[in-house]
Amino acid sequence: MSDLLDTNETPAKELGPRPGLAPGQTVWELLAAVSPRIKDNPNTYEAQQLNRVSLDQCVKCTICETMCPVAKVTPLFSGPKFVGPQAERFRNGESVDHTLDYCSSCGICTLNCPQDVKIAEINSMARAVMKKDHMPLRDRLITQTELEGRLLTPFAPVANWALKQKPIRVAVEKVVGVHRDAPMPVAQSQSIKGWLKHRKGPAPRRPGQPDRGPVVFFTGCAGTYFEVETSKKTIEVLEHLGFEVLVPKQGCCGLAEQSNGLFDSARKRVVKLCEQLNAAGKELTVISSSGSCAGMIKHEAHEIMGVDDPAVRSVGTRMRETSEFLLDLFDEGELPTDFKSLEMKIPYHAPCQVKSQGMGMPAIRLMELVPGIRVIESEENCCGIAGTYGLKKEKYDVAQAVGRNLFEKVKEHNEGLAVCDTETCRWQIRNSTGVSTVHPVHVIHAAYGLSDVFSPEV
């Protein structure tokens, strides 16, 4: 594979001094203060100009270059500093380096920048401008996650059979542009909505467990239609702990559209979703086992797309990823830890979009509360899939190269199970290793004696 490299180094260029952000201030908070018109049309060149503010803090240390998982494996991407802070000065409304499209938006550059330059955010906005007038049909189709779930669920056995047929996958690759070997979700015959409608009632509480009141559960599209088992187990663990779990009508958060540059429709989706979640209670904690979708509501909608909506802000401040929520309970002395022993070694990978939320890796501490569990952290930045990035035929090989070290570690250390917090990362790991890969809540569900740890994964 001639387009793949072992290392990548990009020379620095001199940049002139400019003012930076105030301590703790986000790019969009500054932009809104400087130019209120951005709120009416955040796709304008004016918005792109103002989004440059944080790049002036770049000191050309190249840490982002050395940490970028894509630049390490291919010359098709010039690197986050080169296409980000440096190129931004010369874009003048248009891209000057189309290798920007090979940025996976994993956010590792922003996470590791010691100067708090919003590199990934700058690049995501620039890519949206670059693709605005020639958005590929493929990128519009694969972002319709809710529609895909609705269409496939009634025909799950046929859909799953078809997605395993090589001639069909080859045809899809040629016509649509989704790689023939890319991981596909497993369609389920019953959505989480169907399960909730037909089950006989909440899961039994722990003996003597007092009522803890209501919480809202945000399923995400994958948790609604494809990773239904994760949603079931999350609800049952919360009910076991004494919570009343409210699952209001809810749609897509727009994350897939955002990561492909379809900002207008993504903004509408995330606002509508947060209004739906708020309808269940404006003061309630919102819990999700979809780590990437939780990140969309917590910060990406605001910092990348400039969404400044009261419903999104409200839900974002109350949103907790499931492991984060359960570990908070433990730290407050409110999580029962009379787990049954599960003697096993579990490789764990923390997805980029969970790391970008600044909450550390709560899944590790949480799972290690279970007697017998030994967690092997992958110590790898990215699995390569980056939402829909690794599905695309021109990026599939890059995505596989990015994840190669992770795949080898999972194969080496697993005892039949691996753990990861986000859906598409789990699909990538399963597809590339053959190892069953689950959300951390599967381990906790089993440790409370509610299931076997090797119960269905999706």
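Residues numbered from 1 in each chain as written. Predicted model: local features only at pLDDT ≥ 70, side-chain atom pairs only at ≥ 80, totals over all residues. Heavy atoms only, no water.

Draft legend 1. Representation of the sheet that holds strand β4 (residues 319–321). On the basis of which strands lie adjacent, the open sheet formed by four strands has the order β2-β1-β3-β4 and parallel pairing. In this open sheet, the two strands that pair with only one neighbour each are β2 (243–246) and β4. Across the sheet, the axes of successive neighbouring strands diverge by a mean angle of 35°, strand direction being ignored. As defined by bridge partners, strand β1 (residues 213–218) adjoins strand β3 (residues 286–288) across three bridges and the pair is classed as parallel. (Pairing = 2+ DSSP bridges. Helix = DSSP H or I, 4+ residues; strand = E, 2+ residues; numbered from the N terminus. Axes fitted to C-alpha atoms, helices over the stretch in contact; angles between N-to-C directions.)

Draft legend 2. The confidence of the model for the protein chain, seen in detail. Per-residue confidence for the protein chain averages 89 on the pLDDT scale, and 88% of its residues sit at or above 70. Low pLDDT, under 50, characterises residues 6–19; the predicted model gives this stretch 30 contacts beyond four residues in sequence or across chains. (pLDDT = per-residue confidence, 0-100. Contact = heavy atoms within 4.5 Å.)

Draft legend 3. Molecular detail of helix α23 (residues 440–447). Burial runs high along α23: eight of the eight residues are buried. Buried within α23 we find Pro 440, Val 441, His 442, Val 443, Ile 444, His 445, Ala 446 and Ala 447. (Buried < 20%, exposed > 50% of the residue type's maximum accessible area, 1.4 Å probe, protein only.)

Draft legend 4. Focus on the layout of surface pockets. By volume, the second largest pocket is sized at about 400 Å³. If you trace the second largest pocket, you find 18 residues lining it, with Lys 164, Met 184, Pro 185, Val 186 and Asn 431 closest to the centre. Only α10 (166–175) and α22 (423–433) provide two or more residues apiece to the lining of the second largest pocket. Considering every element that reaches the lining of the second largest pocket, the biggest residue donor is α22, with three residues. Among the residues forming the lining of the second largest pocket, the class breakdown is eight nonpolar, three polar and seven charged. (1 Å grid on protein atoms, 1.4 Å probe; cavity = no way out; pocket = protein on both sides within 12 Å on 5 of 7 lines; lining within 4 Å. Points joined across faces, edges and corners; volume = space filled by probe spheres on them. Nonpolar A, V, L, I, M, F, W, Y, C, P; charged D, E, K, R; others polar.)

Draft legend 5. Seen up close, the packing of helix α15 (residues 263–278) against helix α17 (residues 310–318). Interhelical geometry of α15 versus α17 gives an angle of 65° and a closest axis separation of 8 Å. Between α15 and α17 lies a crossing of left-handed hand. Between α15 and α17, the residues in contact are Val 270, Val 271, Cys 274, Glu 275, Leu 277 and Asn 278 and Ala 311, Val 312, Ser 314, Val 315 and Arg 318, respectively. (Left-handed = near helix turned anticlockwise from the far one by under 90°.)

Draft legend 6. Representation of the packing of aromatic side chains. The tally for this structure, following the rule as stated, stands at three aromatic pairs. Measuring from centroid to centroid gives 6.2 Å for Phe 226 and Trp 427, while their planes differ by 90°, and the two rings are edge-to-face. Taken together, the residues Phe 226 in the loop between α12 (220–225) and α13 (228–240) and Trp 427 in helix α22 connect sequence positions 201 residues apart. Its relative accessible area of 6% is what places Phe 226 among the buried residues. Consider the rings of Phe 339 and Tyr 448, whose centres lie 4.6 Å apart with planes at 45°: the pair is tilted. Here Phe 339 is found in the loop between α18 (322–331) and β5 (344–349), whereas its partner Tyr 448 is found in the segment after α23, with 109 residues between them in sequence. Using a relative accessible area of 7% as the deciding quantity, one classes Phe 339 as buried. A relative accessible area of 10% places Tyr 448 in the buried class. Against the face of Tyr 102 rests Lys 395, its NZ or CZ located 5.0 Å from the ring centre. (Phe/Tyr/Trp six-rings, centres within 6.5 Å; stacked < 30°, edge-to-face > 60°. Lys NZ or Arg CZ within 6 Å of the ring centre and 35° of its normal.)

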